[in-house]
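Residue strings, one per chain:
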Amino acid sequence: MKIVQKQDGKLVEFHLFIAFFALAIGGFAGLLQVFVKTGKIVLPFNISYYQVLTVHGVLLALVFTTFFIFGFMLAAVSRTAGAFSEKTRLLAWIGFGLMLAGTLMAAWMILMNKATVLYTFYAPLQAHAIFYIGLALFFIGTWLEGLAIIFHYAAWKKTYKNMLSPLLTFMAVVNTIMWIIASFGVAGSIIFQLIPWSLGWHATVNVALSRTLFWYFGHPLVYFWLLSAYMAWYVIIPKVIGWKLYSDCLARLAFLLFLIFSIPVGFHHQLMEPGISHNWKFIQVILTFVVIIPSLMTAFSMFATFESFARYKKDAELFSWFKHLPWGDARFVVPFIGMLFFIPGGAGGIINASSQMNAVVHNTTWITGHFHLTISTTVALTFFGVSYWLIGHLTGRTLTKKINQLAIVQGMLWAIGMTIMSGSMHIAGLLGAPRRTAFTDYGGAAQAKKWIGYQLAQAIGGSILFISILLVLFIVIYLAFFAKKGVQEFPVAKLDREDEKPLLLLENWFLWIGITLFVIVFAYAIPLYSMIQHPSPGSSGYQLW
Amino acid sequence: MKVHKLEKIILITGGATLLLFLSVLFLQNMKFGHQHHAQSSIKTIDPKKVDTTAPFTAPGLKKVEKKEWDYELVMVASVFQYAPAEVEIPVGAKVKIIATSKDVVHGLEVAGTNINVMLEPGLITEKITTFRKKGEYLVLCNEYCGNGHHYMSGILKVVDA
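This report concerns the structure included in the present document.

What counts, and at which threshold
Residues numbered from 1 in each chain as written. Chains lettered and ligands numbered in written order. Predicted model: local features only at pLDDT ≥ 70, side-chain atom pairs only at ≥ 80, totals over all residues. Helix = DSSP H or I, 4+ residues; strand = E, 2+ residues; numbered from the N terminus. Rg over C-alpha atoms; globule rule 2.2 N^0.38 Å. Buried ≥ 20, exposed ≤ 12 C-beta atoms within 10 Å, placed from the backbone. Contact = placed C-beta atoms within 7 Å. Nonpolar A, V, L, I, M, F, W, Y, C, P; charged D, E, K, R; others polar. Pairing = 2+ DSSP bridges. Axes fitted to C-alpha atoms, helices over the stretch in contact; angles between N-to-C directions. Parallel < 35°, antiparallel > 145°, perpendicular 65-115°, else oblique. Left-handed = near helix turned anticlockwise from the far one by under 90°.

### Looking at the overall build of chain A
Moving on, step 1. For chain A, the helix and strand inventory stands at 15 helices and zero strands.
Moving on, step 2. Taken over the C-alpha trace, chain A has a radius of gyration of 23 Å; the compact-globule value for 545 residues is 24 Å, and the two agree within 12%.
Moving on, step 3. Once the C-alpha set of chain A is aligned to its principal axes, its extents read approximately 65 × 50 × 45 Å.
Moving on, step 4. Among the 545 residues that make up chain A, the fraction classed as buried is 58%.
Moving on, step 5. Restricting to contacts in chain A with at least 6 residues of sequence separation, those with at least 24 account for 85%.

The structure is reproduced here in C-alpha cells:
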C-alpha cells in the first residue's frame, strides 16, 4: 500500500494542525455570534459583535480552508506523483512559513481591535497596515506552495513523457493555477492600493477598483474550496466505497471548465452597485451560468459511480441499489451528506447570480444561509471526511470502529444543526433581515419583528453545529495522538481499463491557461480600464469600530 | 476520445439548462431593463463635497415634470444615518432614487421589497421603482459600516396620493 513519504507527511500535518486550530477558534466565534443575535446575551468586556464576526470569517473562510487545502493538495500530489524533492519541499516549507507569519500578523491586529473590517476588508474602512501586510505575506506564501506543486508536477511530466499525469495531481495543479491567477487580483489591491493607503503614502483609495479586484478573487475563491472537495469526490470516494473511477476524461474536462469559468464572474457579487455598466454585469452573469455544465457533470459522475457500483452488486431495481452504499463508513457518509447539501446550495447559487432575483436577497441573511450550505457544509464535511483517514494515514494510526461511529454522529449532527440554522437564515433573508448585522429590532419596526424569531432558531442550529465541531476536534486529536497504531489507507480510485491512447490535449497548458486568460481579459479588461482611466474621486480611510 | 452515451446526455442537459435560465434572464432584462440597469450608473461625485453638490444639497422627495418618473428621492447616507431619515411617498408614484455615501460603503435596503442597492463613496447610485402598496416600510443599511451599523435605519411611508 502506498504511503505518503514521511517528510512530506510532516509538512501536511503542520497544515492540518493550523487548519483545525482555526476551526476551533472560528467555530467558537460563530457560537458567540448566534448567541448575540438572539438579543438575550451581551458579550462581556465590551467585545464588539463585529470583531467576533471578523475572527469568524477570517479564520474559517480564509485560514481553515487555505491551510487545509494546501495540506490536502500536497498530500495528494505526494501520494500520486511521488515524494517531493528536497528543493520543492523546502519551497513549500518557506511558503508555509510566510502563510503562518502573515496569518499571525493579521490575527494580532484583529485581536487588538485594529482590523475590525470583516474578512472582505472593504475600503474605505481602514485596518492597521500590519493587517494588510500580513494578508500580502499570506498570499505570497500560497504562491510559493503553489509553485512547489507545479514544479513537482513538471518534474513528473519530464520523467513520464507522453503520459497523462495522475488524476489527483492533475486536479491539484488545476486548482493551484486557478488560485494563483485569481489571487493576483486581491493581492494586487492589497499591495498597490491598501498597504500604501494605510501607511499614509496615498491619501485616498479608489473604492470601486478595490472592490472589483476583491471580487475578481472572491468568486474563484469559492471554487478553490469546491474543487478541493471535488478532488475527494471524483477520486477518493469511489475507492472508499470499493469501486473504480467512473471516467478520467470527464473529470479532467470538468476541472478545466472550472478553471476557465470560475474567474471571469466576480461581477455577480456586485450586481447591486454603481460604477459597473449593466452590459458587463450581464456578460459576467452569462459566464457565471456556464459553470452549471461542469457542476452537473460532477453530480452525474457521483451518482453514476454510486449506481454502477451498486448494480455491480447485482441489484438492478430502480432505486434499491441505494442501500448497498457503505452507510456505516464515515469516510463515505460524512462527505455524502455534504454532497446532498450541495443540491439546495447550488440551486441557491443560481438564484443569487440571476441579476433580478439578486435584488431581493443581496446582503440579506439569505446569502449567509447560502454559503453555510456550500462552503460550511458541502466543503467542510468533505474536508472532515478526508481528515478522518488522512490524519491516521500520516500519523500511522487507524480509524477505529468506535471513532468511525462517532464521526457518523458528527456528520448527522452537522446536517441537523445546519438545516435549522441555514434554513432560518434563508427565510429571514427573504423577509429582509440584513447579514453582518448585530442584534437590533430597529426601534420595534414591524418588518424586523417578522425575522427576529428566526434568529432564535439560528442560535439553536448554531449550538448543535458547535457540538458537532467539538466532536470533529475530539476525533481529529484522537486520530493524531491516541488511536490504535496501524496503517490507514490513502484511497485513490483507478480506471479498470487503460484508455487506448491518453488524450494529451487535456494537459496542454498553453491552450487551457491561454483560454482562461483570454476569457478573463474579455470579461474584465474594459470595465477595469474605465475604472482606472476615469476613477471616481478617492476616499480617505475610516476606523469606525 | 470516446464519449459515453450517458455522458453525452448530461452534457446536453447541462447545456440546455444553461440556455433556458439565460434566456429567462435575458427576457427579463429586456422587459424591465431600465429599472434594473439604473443602479449601474457610472456618475461620480467627490465624497467630501456631497453637501455642496446638486442634487444632494437638498435631500428629500421632489416632484419632477416631463420625465419618465414622477418624483426624485435624493438620499445621502453617512455613519450611521440616512438623510432624510423619514420620507413620505404617494402611493403609485414612480420614483427615481438618487443616492450616495459621504464616508464608507453603505447599503440601502427597503426591507421586504426588491429595493436593495449599494451606496459607495465617489459614486452615485440610481434606481427607478414604483411604490404600489401603502404602508410603513423599514429602510436599513445592509453593508457593515462600523460599530453603529445595526442602528442605521430610516422610515419610508407610502401614503394616499
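### Considering the interface of chain A and chain B
Moving on, step 1. Across the boundary between the two partners, chain A contributes 59 residues, which contact 55 residues of chain B.
Moving on, step 2. Mapped by element, the contributors of at least two residues to the side of chain A that touches chain B are helix 6 (207-240), helix 7 (248-261), helix 8 (278-290), helix 9 (292-312), helix 11 (355-361) and helix 14 (446-481) of chain A.
Moving on, step 3. Considering each element in turn, the side of chain A that touches chain B owes the most residues, seven residues, to helix 8 of chain A.
Moving on, step 4. Residues belonging to the side of chain A that touches chain B are distributed by class as follows: 37 nonpolar, 18 polar and four charged.

### Points about the pairing of strand 9 (residues 135-140) of chain B
Residue and element names in this part refer to chain B.
Moving on, step 1. Both strand 6 (residues 106-110) and strand 9 contribute to a ladder of two bridges, which runs antiparallel. Each bridged residue has a counterpart across the sheet, and for glutamate 109 the counterpart in strand 9 is leucine 140.
Moving on, step 2. As defined by bridge partners, strand 9 adjoins strand 10 (residues 153-159) across six bridges and the pair is classed as antiparallel. Paired with leucine 138 across the bridge in strand 10 is isoleucine 155.

### Here we look at the packing of helix 6 of chain A against helix 15 (residues 509-533) of chain A
All names here are of chain A.
Moving on, step 1. At a minimum axis separation of 9 Å, helix 6 and helix 15 run at an interaxial angle of 155°. With respect to their mutual orientation, helix 6 and helix 15 come out roughly antiparallel. For the element pair helix 6 and helix 15, the recorded crossing hand is left-handed. Across the interface between the two elements, Ala208, Leu209, Thr212 and Tyr216 of helix 6 pack against Tyr524, Leu528, Met531 and Ile532 of helix 15.
Moving on, step 2. Taken together, the residues of the contact of helix 6 with helix 15 sort by class into seven nonpolar, one polar and no charged.

### Description of the sheet that holds strand 4 (residues 86-90) of chain B
All names here are of chain B.
Moving on, step 1. An order of 4-10-9-6-7 is seen for the five strands of this open sheet, with the pairing classed as mixed. Two strands in the sheet have a free side with no partner beyond their single neighbour: strand 4 and strand 7 (116-119). Pairwise comparison of adjacent strand axes, ignoring direction, gives a mean angle of 20° for this sheet.
Moving on, step 2. Examined bridge by bridge, strand 4 and strand 10 share five bridges and lie parallel to one another. Each bridged residue has a counterpart across the sheet, and for valine 87 the counterpart in strand 10 is leucine 156.

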